Amino acid sequence: MAQVPAVPKLSRAWRLMRSDTLGRTDATPDMAPSERAALALRASQPHRSRAEQVTFLLPLVGPDHVGDWGAVTARLRTTLAGFIAQDNPNWSAVVCCQARPDLPDDPRITYLPFSDPTPGNDKWRKLRLLNEALPDLVTQPGYVMSFDADDLLRQGAVGDMLSRQDRGGYLVQSGYVMDVSTGDIGLADRRTLTAPMRKPFWKLCGSCAALYHDPASPASTAFLAEMTQHEHRMFPYLAELAGQPLAPLSRPSVLYMLNHGENFGARRGRVGYKTRFVQTYKITDKQSLADISRDFSLQPAGHRMR
């Protein structure tokens, strides 16, 4: 199963106006399954209970698709260590893969087996499996965030989500992109007068959206399963169509690592632009770099993460 194509921007604008302004929640024949699921969730108007936890869903590339399985699992452990280090302990993480990786001994971290032998990129099938398994994985309302197994979460991000209790969920508007081969870090954020071509983080990385989810709502589970079949640039639109607009997190909350040897984007020739992005928006202030290193538990300067 391949990634579902994005809906054209003009169609998105019309469908948002149709639902927001005209109050229409009925689907039309030309809508994508994700849009149909979004409108079904909007129409169901689920009761909004307090969010009690954040659930991270991690589709991990299988050992037969990489050159260095040990390096892949080492990066996964670094990602999971960022969850464990959170000062708010109310989170869980589920790793989906063909082979069970070496996971930390923490009851909040579980493994979901994947056995679909269909050839090709299986990330989207793993995401569907993870989301469809939510009724068995999640017992209380909270936020659900798909998270790549080589990205890092900033200390305090879980606490930020659960203390703010945003109704729809959160979007990583501001975040960091790190070129592992050089150690340089660039800031991804909204455009400004001094950075007119900069892009927000959610346009660069899939670890960018945490949506409110009530396990008692089948419509919520169905929507998340369909939403994550698209590229991450579709997430804000689909969330808004579902009646769950996303609020930006309070500060740069995710670090996306490039050029570590097994990036999925490199296989599609999409890393070159992001490498240039890091150099264009490279952070040079020493105190800022020290804060990033502390909050993301990065290795000291001079020790490249491989």
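None of these values were measured; they are calculated from a predicted model.

Quick notes on the rules
- Residues numbered from 1 in each chain as written.
- Predicted model: local features only at pLDDT ≥ 70, side-chain atom pairs only at ≥ 80, totals over all residues.
- Heavy atoms only, no water.
- Helix = DSSP H or I, 4+ residues; strand = E, 2+ residues; numbered from the N terminus.
- Rg over C-alpha atoms; globule rule 2.2 N^0.38 Å.
- Buried < 20%, exposed > 50% of the residue type's maximum accessible area, 1.4 Å probe, protein only.
- Contact = heavy atoms within 4.5 Å.
- Pairing = 2+ DSSP bridges.
- Polar contact = N/O pair within 3.5 Å; in protein donor to acceptor, adjacent residues only side chain to side chain.
- pLDDT = per-residue confidence, 0-100.
- Salt bridge = Lys/Arg side-chain N within 4 Å of Asp/Glu carboxyl O.

*Asks:* Which residues make up the overall build of the protein, and what values go with them?
*Replies:* When helices and strands are tallied, the protein shows eleven helices and eleven strands. For a compact globule of 306 residues, the expected C-alpha radius of gyration is about 19 Å, and the protein comes in at 19 Å, within 12% of that figure. In terms of its C-alpha atoms, the protein occupies a principal-axis envelope of roughly 55 × 50 × 40 Å. Across the 306 residues that make up the protein, the buried fraction comes to 55%.

*Asks:* Mind laying out the environment of Leu-16, listing which residues take part and the relevant values?
*Replies:* Mapped onto the secondary structure, Leu-16 falls in helix H1 (residues 9-20). Among the residues examined, Leu-16 registers a relative accessible area of 16% and is labelled buried. It is 41 Å that separates the C-alpha atoms of Leu-16 and Arg-294, two residues lying 278 residues apart in sequence. Leaving out residues up to four positions away in the same chain, Leu-16 has contacts with Thr-21, Tyr-237, Glu-240 and Leu-241.

*Asks:* Give a detailed account of the sheet that holds strand E5 (residues 152-153), specifying residues and quantitative values.
*Replies:* The strands making up a sheet associate through hydrogen bonds between their backbones, and the pairing can be parallel or antiparallel. Strand order across the open sheet formed by four strands is E5-E11-E7-E8, with mixed pairing between neighbours. The open sheet has two edge strands, E5 and strand E8 (184-188), and neither has a second partner. As defined by bridge partners, strand E7 (residues 175-179) adjoins E8 across five bridges and the pair is classed as antiparallel. Pairing of Gly-175 across the sheet is with Ala-188, part of E8.

*Asks:* So, helix H11 (residues 286-295): which residues are in play, and what are the values?
*Replies:* Measuring from the backbone nitrogen of Gln-287 back to the side-chain oxygen at the start of H11 gives 3.3 Å, which picks out Asp-285 as the cap. Looking one or two places after H11, you find Ser-297, whose phi comes out positive at around 55 degrees.

*Asks:* How would you explain the confidence of the model for the protein if you had to name every residue and give the values?
*Replies:* Close inspection of predicted coordinates is inappropriate in any region flagged by low pLDDT. Confidence in the prediction of the protein, expressed as mean pLDDT, is 93, and 94% of residues score 70 or more. Per-residue pLDDT stays below 50 along residues 301-306; that stretch engages in 14 contacts with residues further than four places along the chain or on separate chains.

*Asks:* Give me the lowdown on the pattern of salt bridges, citing residues and values where you can.
*Replies:* Here the structure, examined in full by the defined rule, presents 17 salt bridges. Residue Arg-15 is joined to Glu-35 by a salt bridge in which the shortest nitrogen-to-oxygen separation is 2.8 Å. Of this pair, Arg-15 sits in helix H1 while Glu-35 sits in helix H2 (residues 33-44), and the two are 20 residues apart along the sequence. When the shortest N-O distance is used, the salt bridge between Arg-294 and Asp-295 registers 2.9 Å. Counted as one network, the salt bridges with shared partners bring together Arg-154, Arg-251, Asp-291, Arg-294 and Asp-295.

*Asks:* So, helix H6 (residues 157-164): which residues are in play, and what are the values?
*Replies:* Buried residues dominate H6, accounting for six of its eight residues. For H6, the set of buried residues is Ala-157, Val-158, Gly-159, Asp-160, Met-161 and Leu-162. In this structure, the buried side of H6 is in contact with strand E1 (53-59), strand E2 (91-97), strand E4 (142-146), E5, strand E6 (169-171) and strand E9 (209-213). Immediately beyond the C-terminal end of H6, within one or two residues, lies Gln-165, with a positive phi of roughly 55 degrees.

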